[in-house]
Amino acid sequence: MDVGSQGALCCLDNNHTHFILVDDGTHGRYGVEIPLRTRLEKFISEQTMHRGETAIKTVCVVLEGGPGTLDTIYNSMCNNTPCVIVEGSGRVADIIAQVVNINSSRITVSLIKEKLKNLFSESYDNFTEGQIIMWTKKIQDIVRMESLLTILREEKVGDQGMDVAILQALLKASHNADPNSQENWDHQLKLAVSWNWPEIAETQIFTEGWTWKPSDLYPSLTLSLIEDKPSFVRLFLERGVSLAEYLSRDTLTYLYNNTEPSSLIHSKLVRQATSKRSKEVSKIELHHVSHVLQDLLGDLTEPLYPEAKHTHRVCQKSTSR
């Protein structure tokens, strides 16, 4: 990173692993990527991971930032993307963190001018009156969308603090979208499972606001087993789930078909389900599981799931005259 010779341009931040470079034909103009970024975030948030059917959601995490960052926050939140603002990181992030608890009607142009002078001291003179008015309106709108806004306070910044803040932002946005929907509560619980935070599930999801029947927990229990989250399995059992009722043959078959691809059990199951003649892999059935268990535990193990015997019936038609 040769910062000294860049002039008005910026270097790529070497703390990132990937970059998407947007070229609209202009040179040295900031913010041209924001419309594409907004559409991309919206597209990603509408996708679903097939394993366990977990929805993919995007979160805008804001550290510091200038005018382009404010536009990114505003566009993201208008598109229902939750934002985490890191307090203490500077400039735009700190302005929003400092006014978030103020009623939007009291966020005036003079207040934003004062904040800009303090946090943009070197470049404050470059702002026009029109830009400051536009900033004020956007910050007012951002503060009004409180269900999509989470402030990560300075004292909580850290690996775990950031992790929890992002998850809480997702949960808050999801809860406010439709608080009376079973599908919405299921989504929140699946998020907590995917992020492996049983403590948050206990304190923020299993509340008096929604009554959970044991069968309501089955989809998230399935996800917990597929993703190997034993703490959640334990939590669901404590909340009344009966494995004897949950583990039907269809459920067992589904679980074995969704084992981790890199695991030993998966490779052995695939080998059992592969046709010796055509080399095609069929759906993993319970008799394949039985063979694998015998292979792992020894020949003396009785087959738990014997292969179903197929019977052929001959239908005869009788014709009356």
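Residues numbered from 1 in each chain as written. Predicted model: local features only at pLDDT ≥ 70, side-chain atom pairs only at ≥ 80, totals over all residues. Heavy atoms only, no water.

The protein chain appears in an unreviewed UniProt entry as Transient receptor potential cation channel subfamily M member 2 from Staurois parvus. Under the Subcellular location (unreviewed entry) heading, UniProt states for the protein chain: "Membrane". (UniProt positions renumbered as here; feature names shortened; annotations may be inferred.)

Caption draft 1: Structural view of the pattern of salt bridges. One pass over the full model with this rule turns up ten salt bridges. For Arg-91, the salt bridge is made with Glu-64, and the minimal N-O distance between the two is 3.1 Å. Taken together, the positions of Arg-91 in helix H3 (residues 91–99) and Glu-64 in the loop between strand E3 (60–62) and helix H2 (67–78) put the pair 27 residues apart, joining distant regions of the chain. Residue Asp-216 pairs with Lys-213 through a salt bridge whose shortest N-O separation is 3.7 Å. For Asp-216, a relative accessible area of 12% translates into the label buried. (Salt bridge = Lys/Arg side-chain N within 4 Å of Asp/Glu carboxyl O. Helix = DSSP H or I, 4+ residues; strand = E, 2+ residues; numbered from the N terminus. Buried < 20%, exposed > 50% of the residue type's maximum accessible area, 1.4 Å probe, protein only.)

Caption draft 2: Region of the structure containing the environment of Val-193. Its place among the elements puts Val-193 in helix H7 (residues 182–194). Sequence-wise, Val-193 and Lys-229 are 36 residues apart; in three dimensions their C-alpha atoms are separated by 7.4 Å. Residues contacting Val-193, with those up to four places away along its chain left out, are Ser-220, Leu-223, Ser-224, Glu-227, Lys-229, Phe-232 and Phe-236. (Contact = heavy atoms within 4.5 Å.)

Caption draft 3: Structural view of helix H9 (residues 218–226). For H9, the complete set of buried residues consists of Ser-220, Leu-221, Thr-222, Leu-223, Ser-224 and Ile-226. Immediately beyond the C-terminal end of H9, within one or two residues, lies Asp-228, with a positive phi of roughly 60 degrees.

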